[in-house]
Amino acid sequence: MVAMRPPDDPRARALAALDALPTDTPTLDLACATLRALLTHGARPAVAAVGRRGAGKSTLLNALANRGVAEVGAVADTTLRPAVRALDAMVWLDTPGLRAGGRTRRAASVAEAVRAFQPDVLWFLCGASEVDAGIDDDLRDLRTSLDGCPPWTRLVAVVTRVDELAPPDVNTPPFDADPEKRANLIAATTTLHRHLLRGGFALERVIPLCADARWEGDRCRDDVRWNLAPLARPIVAPTQRSVTASLQSRLAALCDALVARAVDEARTVSLRAPSDRQRALLEGLHRTLVARLDALLAAFVGDGAATLGATVGDTFGPGRAGELVRSVFDRLGAREMAADAAAARVRALGRAVRALESLRPDEALVRAMLAPRR
Ligand SMILES: Nc1nc2c(ncn2[C@@H]2O[C@H](COP(=O)(O)OP(=O)(O)O)[C@@H](O)[C@H]2O)c(=O)[nH]1
Ligand SMILES: [Mg+2]
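Bear in mind the structure is a predicted one, so any value in this text is a computation, not a measurement.

J.: With reference to specific residues and values, describe helix α1 (residues 10–19).
T.: Those residues of α1 that sit buried are Pro10, Ala14, Ala17 and Leu18. For α1, the arc enclosing every buried residue in end-on projection is 100°, short of the 170-degree limit, so these residues lie on one face.

Here's what the structure looks like:
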């Protein structure tokens, strides 16, 4: 039998490491999907679109992708969960609409998705006829999403559906050719700008546009897309430095999510009729793992990358974590099955941490991500 060797290509190695990570929480799932898209398709700006249901997020995605990739909804709430999509110019996060009827936790779950996605640019979409209606609730939700973003995230506001502004018979681009339409378009744009400034948002710009078109796969009908080009302008091309920083930040966030998951597991550990002492020992063990994860986290965010290998190798050498758990249970005389299950959990965590370690944002990986894709 030929022993499996890890792939030499740094991208393939990183993708294999990602496959070894658990994706059983929404945060881990989305963070892994984003990294996977960036590794597979090459470094490109990460753009998240947020806004009320019906603002036109999915329509804009299709308009930019130049094909029907996302379902749009005339009435119903169609985008039910966040989705990461790789386009030529960006990796895009399509989010479910804020304030969709009867879904009170939407803003929190959208913010959680945006946080896990780590956008370089956050597009806040607002329908042209809604810039002055219920906007304070929108701004509060936007603040929630923005608060979880990395410090370099840029905010761009987008006034969508400008074709719907009066007069209705001016319904083909360019929409600013008619004086009345032009006046309404400027009014909608400045109104949204004013609200955002009043809300204290550090805003890059406000762009009015129309993204409407009907798609059958990549066949387009009724195309009235207008003014999409300025959206691409605030997006800078990735560099060695920006990709390194973004990778570091993404790995630190993955680590963070694993810590949260481990803490959660420690809380739900159940032994058949556990004594207080058994429970305390198992929780202590989880805490040790969490402390190691914390060390890993510090290595990702700081300049301690050199000590990373030693830290992780010491704790998570093959079988070490499992042995540790087993010896605790042996001493306690705990039942074999429960001990096995607990050991398996801790081993899985150890594997995840080892996988993270091999995901180090070294120069070879960054160079590979910046290389042009075929
Ligand atoms: N007239 C017009 N309709 C649009 C535009 N953008 C989106 N829509 C329509 O608005 C509805 C909701 O769009 P969708 O992209 O699903 O909104 P989302 O909930 O923000 O993703 C659909 O019926 C779209 O066809 C636009 O620029 N002009
Ligand atoms: Mg949608």
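J.: Go over the sheet that holds strand β1 (residues 46–51) with me, naming the residues and quoting the values.
T.: Reading across the sheet, the six strands line up as β2-β3-β1-β4-β5-β6 and stay open at both edges, with mixed pairing between neighbours. At either margin of the open sheet sits one strand with a lone partner, and together these are β2 (83–86) and β6 (203–208). Each strand of the sheet is rotated relative to its neighbour by a mean of 25°, with strand direction disregarded. Most of the contacts of helix α2 (residues 26–41) go to β2, to which it runs at about 5°, and overall it touches β1, β2 and β3 (91–94).

J.: Quick one: what's the story with the site of ligand 1, residue by residue and with numbers?
T.: Of all residues adjacent to ligand 1, which total 21 residues, the nearest are Gly56, Lys57, Ser58, Thr59 and Val72. Take the shell around ligand 1: its biggest share by element is three residues, from helix α3 (residues 57–65).

J.: With reference to specific residues and values, describe unusual backbone geometry.
T.: A cis geometry characterises the amide bond from alanine 166 onward to proline 167, with omega recorded as 0°. For glutamine 118, which is not glycine, the phi torsion reads 55° and is therefore positive. Looking at where glutamine 118 falls in the secondary structure, it is placed in the loop between α4 (106–117) and β4 (121–127). With 22 C-beta atoms counted inside 10 Å, the residue glutamine 118 sits in the buried group. Phi angles above zero are rare outside glycine, and asparagine 227 is one such case at about 65°. When you line up the elements, asparagine 227 lands in the loop between β8 (219–221) and α7 (229–232).

J.: Kindly report on the packing of α4 against helix α5 (residues 135–147), identifying the contributing residues and their values.
T.: Between α4 and α5, whose axes approach to 8 Å, the crossing angle comes to 30°. Between α4 and α5, the interaxial angle falls into the category roughly parallel. Seen from above, α4 lies across α5 with right-handed handedness. Within the contact between the two elements, α4 uses Ala107, Val110, Ala111 and Val114 and α5 uses Asp141, Thr144 and Ser145.

Rules and cut-offs
- The residue count restarts for each chain, going from 1 along the sequence in the order it is written.
- For naming, the first written chain is A and the first written ligand is 1, with later ones following in the order written.
- A pLDDT threshold of at least 70 governs which residues receive local features in this predicted model, and a stricter bar of 80 or more applies before side-chain atom pairs are shown or counted, although totals over entire chains, interfaces and linings include all residues.
- Exposure in this text rests on C-beta crowding, where 20 or more other C-beta atoms within 10 Å of a residue's own make it buried, 12 or fewer make it exposed, and counts in between make it partly exposed. The C-beta atoms are placed from the backbone.
- Per the convention used, a helix needs a DSSP run of H or I reaching at least four residues, while a strand needs a run of E reaching at least two, with both numbered from the N terminus.
- Directions pointing from the helix axis toward each C-beta atom define the arc.
- Between any two strands, at least two bridges found by DSSP are needed for them to pair.
- Between N-to-C directions, angles span 0 to 180 degrees; the directions come from axes that are lines fitted to C-alpha atoms, helices contributing only their stretch in contact.
- Contacts are defined on C-beta atoms placed from the backbone: any two residues whose C-beta positions lie within 7 Å are in contact.
- Using the backbone to place each C-beta atom, any residue with that atom within 6 Å of a molecule or strand is considered near it.
- Relative orientations are named as follows: roughly parallel for angles under 35 degrees, roughly antiparallel for angles over 145 degrees, roughly perpendicular for angles from 65 to 115 degrees, and oblique for any other angle.
- By convention, the crossing between two helices is left-handed when the near helix turns anticlockwise from the far helix through less than a right angle, and right-handed when the turn is clockwise.

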